[in-house]
Amino acid sequence: MPVRMVESPAPSNSSGANYGQTCLQPCSLLSVGQAFSGTQNVSSPQKDEAWRVNVRIQGCDLDHGYLCGTMEALNVPMADTPVVTFWEGEIVDTKNYTFFTNKWKATSEVDIEHWTKFPSFSPLLSQVEVDGGKSLDLSNYQYIFMRWKEQYFVNVGADCGLTIAGFYYVCFSCVDGSINGYYYDPNSSPFQKLELKTTNEGRSGFSFSSYELQ
């Protein structure tokens, strides 16, 4: 699929008339059925470890800053089969969601600490510190920032030894479809990095108003 290219490499401040009303433009690589694959680094002080991960988008509603999908971890040591979870995402569009999470045990300091790990966030930092980014116009920025929260296990029980208590800070590139993320959970190893690239698999999934897992 062709990728939407943007003319302006940096965001701008919204005018007073448009405060908090900007909408993200559709990106061909962030759409229903798109698949991604890569790794999540889950290393601890005791050992280095990385899981192979597949992600597929099952639903996307840019007007409401929402998307959802499945995440599959393939080589989890404590599981006999790949572990699949269903997640829901908040798209930081300054209309529906800002850079401040305000839940899931994440303070504004935790938010800034994680967002600043993405180089593409640097031009936004000063304004985010002021108001969470409410006055930024991100509609033509070449990166889309999101939070992904796993809601439940699809194919294993909650007693599988894994936790989905935390959530991911995510940065998506509209240029090449790459995804970088950091998992946050006060009770887990900090800054577990998620690195994904878009794949050329056939698309499957359902757009709104209804969808089902594949």
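Residues numbered from 1 in each chain as written. Predicted model: local features only at pLDDT ≥ 70, side-chain atom pairs only at ≥ 80, totals over all residues. Heavy atoms only, no water.

If you tally the helices and strands in the protein, you get 2 helices and 10 strands. When the helices and strands of the protein are listed from N to C terminus, the series reads β-β-β-β-β-α-α-β-β-β-β-β. For the protein, the residues scored as buried account for 47% of the 214 residues in total. Considering only residue pairs separated by 6 or more positions, the protein has 62% of its internal contacts joining residues 24 or more positions apart. As presented, the protein carries roughly 10,300 Å² of accessible surface, and 49% of it is formed by carbon and sulfur atoms. (Helix = DSSP H or I, 4+ residues; strand = E, 2+ residues; numbered from the N terminus. Buried < 20%, exposed > 50% of the residue type's maximum accessible area, 1.4 Å probe, protein only. Contact = heavy atoms within 4.5 Å. Areas by Shrake-Rupley, 256 points an atom, 1.4 Å probe, with all protein chains shown as cover.)

The predicted model of the protein averages 83 in pLDDT, with 80% of residues at 70 or higher. Considering only residues more than four positions removed or in separate chains, one finds that residues 204-214, a stretch of pLDDT under 50, has 31 contacts. (pLDDT = per-residue confidence, 0-100.)

Moving on: the packing of aromatic side chains. Under the counting rule described, the total for this entry stands at 20 aromatic pairs. Aromatic pair W115 and F145: ring centres 5.8 Å apart, planes at 85°, arrangement edge-to-face. One end of the pair, W115, is in helix α1 (residues 108-115); the other, F145, is in strand β7 (residues 143-153), and 30 residues separate them in sequence. The residues W115 and F145 share a single accessibility class, namely buried. Ring centres 6.1 Å apart and planes at 85° place the aromatic pair F121 and F145 in the edge-to-face group. (Phe/Tyr/Trp six-rings, centres within 6.5 Å; stacked < 30°, edge-to-face > 60°.)

Once that is clear, we can look at the environment of H64. For H64, the position within the fold is in the loop between β3 (50-61) and β4 (66-73). Put simply, H64 and E90 are 26 residues apart on the chain and 8.8 Å apart in space, counted from C-alpha to C-alpha. Apart from residues lying up to four places away in sequence, H64 is in contact with N96 and Y97.

Our focus in this paragraph is the sheet that holds strand β9 (residues 179-184). The strand order around the closed barrel built from 8 strands is β2-β3-β4-β5-β7-β8-β9-β10, with neighbouring strands paired in antiparallel fashion. The mean inter-strand angle of the sheet, taken between neighbouring strand axes irrespective of direction, is 30°. Two elements, strand β5 (residues 83-91) and β7, share 7 bridges in a ladder whose sense is antiparallel. When the bridges of β7 are listed, E90 appears paired with R147. (Pairing = 2+ DSSP bridges. Axes fitted to C-alpha atoms, helices over the stretch in contact; angles between N-to-C directions.)

The next thing to look at is the layout of surface pockets. By volume, the largest pocket amounts to about 460 Å³. In terms of lining, the largest pocket is formed by 26 residues, of which the most central are V42, W51, L162, T163 and Q192. Mapped by element, the contributors of at least two residues to the lining of the largest pocket are β3, β4, β5 and β7. The class makeup of the residues in the lining of the largest pocket is 14 nonpolar, 9 polar and 3 charged. (1 Å grid on protein atoms, 1.4 Å probe; cavity = no way out; pocket = protein on both sides within 12 Å on 5 of 7 lines; lining within 4 Å. Points joined across faces, edges and corners; volume = space filled by probe spheres on them. Nonpolar A, V, L, I, M, F, W, Y, C, P; charged D, E, K, R; others polar.)

Core analysis: the biggest nonpolar cluster contains 33 residues, and L67, M146, W148 and F172 have the highest contact counts within it. For this core, the secondary structure elements donating two or more residues are β3, β4, β5, β7, β8 (167-173), β9 and β10 (192-198). For this core, the element with the highest residue contribution is β3, accounting for 5 residues. With residues up to four places along the chain from it excluded, the contact list for F172 reads C27, L29, L30, F36, Q142, Y143, I144, M146, G177, S178 and I179. Grouped together as the second largest cluster of nonpolar side chains are 19 residues, V92, L124, V128 and L136 included. (Core = buried A, V, L, I, M, F, W, Y, C linked by side-chain atoms within 4.5 Å.)

Applying the stated criterion across every chain, the model contains 3 salt bridges. The shortest N-O distance in the salt bridge between R147 and E90 comes to 3.0 Å. You can see R147 sitting in strand β7 and its partner E90 sitting in strand β5, a full 57 residues away along the chain. Both residues of the pair, R147 and E90, belong to the buried class. (Salt bridge = Lys/Arg side-chain N within 4 Å of Asp/Glu carboxyl O.)

Now for unusual backbone geometry. Peptide bonds are, in most cases, trans, and in most cases residues other than glycine have a negative phi. In this structure, W104 takes a positive phi of about 55° despite not being glycine. On the basis of relative accessible area, W104 is assigned to the partly exposed category, the value being 25%.

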